[in-house]
Amino acid sequence: MEVLKTVNLKKTYQVSSGEVQALRGVNISIMEGEFVAIVGSSGSGKTTLLNMLGGLDKPSEGSVYVRGERLENMDSEELTIFRRRNIGFVFQNYNLLPILNVYENITLPIRLDGMGVDEGFLKHITGRLKLSEKLYHMPETLSGGQQQRVAIARALSAKPAVLLCDEPTGNLDSVTGMEVVGLLKSSAYEFQQTIVIVTHNEEIAQMADRIIRIEDGKVKGDAYEE
Ligand code: ADP
Ligand code: MG
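Digging into the packing of helix H3 (residues 102-112) against helix H4 (residues 119-128)
- Contact geometry for H3 and H4: axes closest at 12 Å, N-to-C directions at 120°. By the angle between their axes, H3 is oblique relative to H4. When the axes of H3 and H4 are compared, the crossing they make is right-handed. Residue-level contacts link Tyr103, Ile106 and Thr107 of H3 to Glu119, Leu122 and Thr126 of H4.

Dropping the structure here:
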């Protein structure tokens, strides 16, 4: 089943010196359960593409479909709810709330959605992500790798169909980065989740099933890995 699709996706930013064409007609299709890496030089449009896939920003032209639903057809409230239920985000800087402990951070999206916490599932993913001993610790007492694992657990906690990760290992050393992505990959496989990960790191990209190369706002390569 197709989970993500873009059709002739374009994004132009207005800047004081004129316009920046960040995306110039991107057509991609990603199936359920795929683990896709998006690579490309700085400024090529990777973050813009990821933000469009997740409905964090609106296209200038073209469309984005998530599980067959066209995001541009939703109003902002519908989009917020759709996003919370279907899409998990992981960013480079973790974005944990410092005043909440690990458990509270992880369960925040579920509680915001007014749903009950599935304690069994939570125990399972925090175990997999090696966070069982850290549930009642505050984020500032954790290492970078641990904080990113909390952010991943939070992203997985609502069992989203899609996980969008923008340079998730950008602040981690390479061994920790590989470990974090390995855990991300095995957790997502277990639950048939689709992962799209933007990365600069070639070793991390090689862990994916498929590598999409973006250059100058266009897809310049799309290959399945052996
Ligand atoms: P990448 O993530 O591959 O480094 P981005 O998607 O962040 O690339 O940026 C693509 C292009 O769009 C760059 O030229 C960048 O400067 C520009 N850009 C990104 N976001 C904005 C914005 N909010 N306003 C203006 N220009 C932007
Ligand atoms: Mg970026």
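Description of the packing of aromatic side chains
- Counted under the stated rule, the structure contains 3 aromatic pairs.
- Ring centres of Phe121 and Phe191 lie 5.0 Å apart, and the angle between their planes is 80°; on these two criteria the pair is classed as edge-to-face. Note that Phe121 is positioned in helix H4 and Phe191 in the loop between helix H6 (174-190) and strand S8 (194-198), a separation of 70 residues in sequence.
- By relative accessible area, Phe121 is classed as buried at 10%.
- Between the NZ or CZ atom of Lys5 and the centre of the ring of Tyr65, over which it lies, the distance is 5.0 Å.
- Its guanidinium or amino end placed over the ring of Phe121, Lys159 lies 4.6 Å from that ring's centre, counting from NZ or CZ.

Digging into the layout of surface pockets
- Reported here for the largest pocket is a volume of approximately 450 Å³.
- Around the largest pocket, the lining is made up of 17 residues, and of these Arg84, Ile87, Phe89, Pro109 and Arg154 lie nearest the centre.
- Of all elements in the fold, only helix H2 (76-86), strand S6 (87-91), H3 and helix H5 (144-157) reach the threshold of two or more residues within the lining of the largest pocket.
- Ranked by the residues each element gives to the lining of the largest pocket, the list is headed by S6, at 4 residues.
- Taken together, the residues that form the lining of the largest pocket break down as 11 nonpolar, 3 polar and 3 charged.

Section: the sheet that holds S6
- Taken in spatial order, the 6 strands line up as S6-S7-S8-S3-S9-S10 in an open sheet, and their pairing is mixed. Since the sheet does not close on itself, it has two edges, and those belong to S6 and strand S10 (218-224), each with one partner. Neighbour-to-neighbour, the strand axes of this sheet turn through a mean angle of 15°, independent of strand direction.
- Pairing geometry for strand S3 (residues 35-39) and strand S9 (residues 210-215), over 4 bridges, is parallel. Bridging across to S9, Ile38 finds its partner in Ile212.
- Strand contacts of H2: S6 and strand S7 (162-166), with the helix running at about 75° to S6, the strand carrying the most contacts.
- Along the sheet, H6 contacts S3, S7 and S8; its crossing angle with S8, the most-contacted strand, is approximately 155°.

Some details on the site of ligand 1
- Around ligand 1 sit Tyr13, Val15, Val20, Ala22, Ser41, Ser42, Gly43, Ser44, Gly45, Lys46, Thr47 and Thr48, and those are all the residues in its vicinity.
- A distance of 2.9 Å is found between an oxygen atom of ligand 1 and a side-chain nitrogen or oxygen belonging to Thr47.
- Starting from 560 Å² of accessible surface for ligand 1 in isolation, the protein chains cover 62%.
- Elements with a minimum of two residues in the shell around ligand 1: strand S1 (2-15), strand S2 (18-31) and helix H1 (46-53).

Details of the pattern of salt bridges
- Within this structure, the stated rule accounts for 12 salt bridges.
- Notably, a salt bridge pairs Asp222 with Arg210, separated by 2.8 Å at the nearest N-O pair. Of this pair, Asp222 sits in strand S10 while Arg210 sits in strand S9; the two residues are 12 residues apart in sequence, bridging distant segments of the chain.
- A relative accessible area of 3% means that Arg210 is categorised as buried.

The rules behind these values
Residues numbered from 1 in each chain as written. Chains lettered and ligands numbered in written order. Predicted model: local features only at pLDDT ≥ 70, side-chain atom pairs only at ≥ 80, totals over all residues. Heavy atoms only, no water. Axes fitted to C-alpha atoms, helices over the stretch in contact; angles between N-to-C directions. Helix = DSSP H or I, 4+ residues; strand = E, 2+ residues; numbered from the N terminus. Parallel < 35°, antiparallel > 145°, perpendicular 65-115°, else oblique. Left-handed = near helix turned anticlockwise from the far one by under 90°. Contact = heavy atoms within 4.5 Å. Phe/Tyr/Trp six-rings, centres within 6.5 Å; stacked < 30°, edge-to-face > 60°. Buried < 20%, exposed > 50% of the residue type's maximum accessible area, 1.4 Å probe, protein only. Lys NZ or Arg CZ within 6 Å of the ring centre and 35° of its normal. 1 Å grid on protein atoms, 1.4 Å probe; cavity = no way out; pocket = protein on both sides within 12 Å on 5 of 7 lines; lining within 4 Å. Points joined across faces, edges and corners; volume = space filled by probe spheres on them. Nonpolar A, V, L, I, M, F, W, Y, C, P; charged D, E, K, R; others polar. Pairing = 2+ DSSP bridges. Near = heavy atom within 4 Å. Polar contact = N/O pair within 3.5 Å; in protein donor to acceptor, adjacent residues only side chain to side chain. Areas by Shrake-Rupley, 256 points an atom, 1.4 Å probe, with all protein chains shown as cover. Salt bridge = Lys/Arg side-chain N within 4 Å of Asp/Glu carboxyl O.

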